[in-house]
Amino acid sequence: MAEPPGRDVLVLAALGMEWRAIRHAISATGNPAQVARCGIALRHWSPPPPPRPVFITCGLAGGLRSDLPPGTVVVAGSVALEDDEPVACDPTWVAALVAGARACGHEPVVGPVLTARKLVVGDARGAWAAKGFVAAEMETALLVPTRAPLASLRVIIDAPAAELSEHWVSPGRTALHPRRWREAMWLAARAPRYSRLAARCLAAGLAQA
């Protein structure tokens, strides 16, 4: 008997909001994939020993191209750290995540995704976009040394024309600063909705695998 899709998959979410949305979306479909909260830049997580499952990161990302507004679904075709060459994501899972996004009514953008050391803002967005990157996050390429198959589905939360401060890498402290309250309200309105969108697309993608 074939194992159900998702049994050998571990989904990683940096934020609690993303983690909760993914767990809810996956449990609603009965998929056996496990979900772990890894923290920003994998600060609160260590990879399991071999043999390792497929690692799929899911959640929010910063947009790098001016033509990709907040709410755009991005599936990583490859991932790269700032100083390294892009590493291709698992093609089977790229296809599954693309199919999942389409099943949810969204045409995803597939392309290279940057794993940055800090939030990419200002002119740095255009510089990375000029190198071909479509979005930036802080986790996926850190998994390359595990040699496990990788995939990633993200939803753009901010973009060159509507960007957040780089201080939001520490959201708890930043939200207390009066200068960031307007951004906090913007995030409160969009981040949960975009996290749920990413989770739905992921759950639909797991069903396609």
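Description of the structure in this document.

1. Observations concerning the nonpolar core
Okay, so step 1: One finds Ile22, Ile26, Trp45, Ile56 and Leu202 to be the most contacted residues of the largest nonpolar core, which totals 59 residues.
Okay, so step 2: The element that contributes the greatest number of residues to this core is helix α5 (residues 181–208), accounting for nine residues.
Okay, so step 3: When sequence neighbours within four positions are dropped, the list of residues in contact with Trp45 reads Leu10, Leu12, Ala36, Arg37, Cys38, Phe55 and Leu143.
Okay, so step 4: Counting eight residues, the second-largest nonpolar core is a separate cluster that includes Ala80, Leu114, Trp128 and Phe133.

2. Concerning the side chain of Thr115
Okay, so step 1: Along the chain, Thr115 turns up in strand β6 (residues 109–115).
Okay, so step 2: Among the residues examined, Thr115 registers a relative accessible area of 2% and is labelled buried.
Okay, so step 3: Here the side chain of Thr115 touches Glu137 through a polar contact of 3.0 Å, side chain to side chain.
Okay, so step 4: Those residues in contact with Thr115 that lie beyond four places of it in its chain are Ala80, Leu81, Glu82, Glu137, Met138, Glu139, Thr140, Ala141 and Leu142.

3. Examining the pattern of salt bridges
Okay, so step 1: If you walk through the whole model with that rule in mind, you get seven salt bridges.
Okay, so step 2: Between Glu82 and Arg117 there is a salt bridge; the shortest N-O distance is 2.3 Å. In this pair, Glu82 sits in the loop between β4 (73–81) and β5 (87–88) while Arg117 sits in the loop between β6 and α3 (123–130), placing the two residues 35 residues apart along the sequence.
Okay, so step 3: Assessed through its relative accessible area of 57%, Arg117 is described here as exposed.
Okay, so step 4: Via salt bridges that share partners, Glu82, Asp83 and Arg117 belong to a single interconnected network.

4. Some details on the side chain of Thr140
Okay, so step 1: Along the chain, Thr140 turns up in the loop between β7 (135–137) and β8 (150–158).
Okay, so step 2: On the basis of relative accessible area, Thr140 is assigned to the buried category, the value being 0%.
Okay, so step 3: When sequence neighbours within four positions are dropped, the list of residues in contact with Thr140 reads Thr57, Val79, Thr115, Leu150, Ala151, Ser152 and Arg154.

5. Here we look at the pairing of strand β3 (residues 54–63)
Okay, so step 1: With ten of its ten residues buried, β3 lies for the most part within the structure.
Okay, so step 2: Here four bridges tie strand β1 (residues 9–13) to β3, and the two strands are oriented parallel to one another. Its bridge partner lying in β3, Val11 is registered against Ile56.
Okay, so step 3: Looking at chain direction, β3 and β8 are connected through eight bridges and run parallel. Note that in β8 the partner of Gly62 across the bridge is Asp158.
Okay, so step 4: With two bridges joining them, β3 and β7 adopt antiparallel strand pairing. Along β7, the bridge assignment pairs Gly63 with Ala135.

The rules behind each value
Residues numbered from 1 in each chain as written. Predicted model: local features only at pLDDT ≥ 70, side-chain atom pairs only at ≥ 80, totals over all residues. Heavy atoms only, no water. Core = buried A, V, L, I, M, F, W, Y, C linked by side-chain atoms within 4.5 Å. Buried < 20%, exposed > 50% of the residue type's maximum accessible area, 1.4 Å probe, protein only. Helix = DSSP H or I, 4+ residues; strand = E, 2+ residues; numbered from the N terminus. Contact = heavy atoms within 4.5 Å. Polar contact = N/O pair within 3.5 Å; in protein donor to acceptor, adjacent residues only side chain to side chain. Salt bridge = Lys/Arg side-chain N within 4 Å of Asp/Glu carboxyl O. Pairing = 2+ DSSP bridges.

Purely spatial values, then, with no claim about function.
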